[in-house]
Amino acid sequence: MNRLNSAARPHPRKRVTKTRCRVAVAVLTLLAGLLIAVALPPSGTVRTTIDIAAPPSRVWAVLADTAAWPAWNPEISALHGPLVPGARVEIHEGAGDDEMVFHPVLRTVEPGHELSWRGHILMPHLFDVLHAFTLAPTQAGGTRFTQSEQVRGVLLWFYDVEQLRPSSNAMNLALKARAEQS
């Protein structure tokens with residue numbers, strides 16, 4: 001009778017081996033999921049545009065005067081550093097408890113036409129950003145100002161880039177008011 005009972009039950013070593021296999025499969029599945037999430041992160045773009053009744057040279061003058069940004073810019077409270085391609089600058093977004101500081105590299109600095117930077121939040125591949133301001137002359141002698149933010153990274157699995165749209169629109173409106181007041 002003992003032989004029949006022991007034959008029906010798996011050997012304790014086989015149970016441990018099955019448990020280890022299940023744990024190994026679970027760990028490998030988790031690692032594969034993480035690898036896919038990092039290798040194929042989602043991306044998104046937010047683009048906002050506004051027409052400004054001032055020539056591109058005037059709009060550029062407002063953008064290039066980064067020391068004055070705290071007085072009018074509701075999105076970016078400070079930009080420290082030279083406006084030259086390849087320069088690493090310090091950018092403060094938001095204020096108080098919501099303030100974030102990051103250090104992107106200026107990619108494009110074309111007076112009267114474009115200012116852009118590339119950077120990331122915390123570390124590469126989590127939330128990588130290409131932020132650009134472009135200015136185009138309008139037939140009426142004004143400027144079509146476009147602000148775009150291309151975002152890519154693992155955190156986008158949990159974050160909707162459309163949340164960036166209201167602050168971009170707020171900055172666009174503030175830039176319009178500042179450029180048109182002179």
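Predicted model, so just to flag it, every value in this text is computed and none were measured.

Colleague: When you look at the confidence of the model for the chain in this model, what are you seeing that I'm missing?
Modeller: Regions with low pLDDT should not have their predicted coordinates read in detail. Scored by pLDDT, the chain comes out at a mean of 88, with 87% of its residues at no less than 70. The secondary-structure element of the chain with the lowest mean pLDDT is helix α1 (residues 2–8), recorded at 58, while strand β5 (residues 105–110) shows the highest, at 98.

Colleague: Would you mind showing me how to read a nonpolar patch on the surface here?
Modeller: A cluster of nonpolar side chains, contributed by Val23, Val27, Leu28 and Leu31, occupies part of the molecular surface with about 360 Å² of accessible area. Note on placement: Val23 falls in helix α2 (residues 12–39).

Colleague: I keep staring at helix α5 (residues 165–180) and nothing clicks. Help me out?
Modeller: In an α-helix, one full turn covers 3.6 residues, which means residues spaced three or four apart are oriented alike. The end-to-end C-alpha distance of α5 is 22 Å, a good match for the 22 Å that 16 residues give at a rise of 1.5 Å each. Listed in full, the buried residues belonging to α5 are Ser168, Met171, Asn172, Ala174, Leu175 and Ala179.

Colleague: I keep staring at unusual backbone geometry and nothing clicks. Help me out?
Modeller: A negative phi angle is the norm for most residues apart from glycine, just as the trans form is the norm for most peptide bonds. Its identity is not glycine, yet Leu122 carries a phi of approximately 70°, on the positive side. You can see Leu122 is positioned in the loop between β6 (114–120) and β7 (128–137). With a relative accessible area of 75%, Leu122 lands in the exposed category. Despite not being glycine, His125 shows a phi value in the positive range, around 80°. Positionally, His125 belongs in the loop between β6 and β7.

The rules behind the values
- Residues numbered from 1 in each chain as written.
- Predicted model: local features only at pLDDT ≥ 70, side-chain atom pairs only at ≥ 80, totals over all residues.
- Heavy atoms only, no water.
- pLDDT = per-residue confidence, 0-100.
- Helix = DSSP H or I, 4+ residues; strand = E, 2+ residues; numbered from the N terminus.
- Patch = residues over 30% accessible without salt bridge, like charges linked within 9 Å, V, L, I, M, F, W, Y side chains within 5 Å.
- Areas by Shrake-Rupley, 256 points an atom, 1.4 Å probe, with all protein chains shown as cover.
- Salt bridge = Lys/Arg side-chain N within 4 Å of Asp/Glu carboxyl O.
- Expected span 1.5 Å × (residues − 1).
- Buried < 20%, exposed > 50% of the residue type's maximum accessible area, 1.4 Å probe, protein only.

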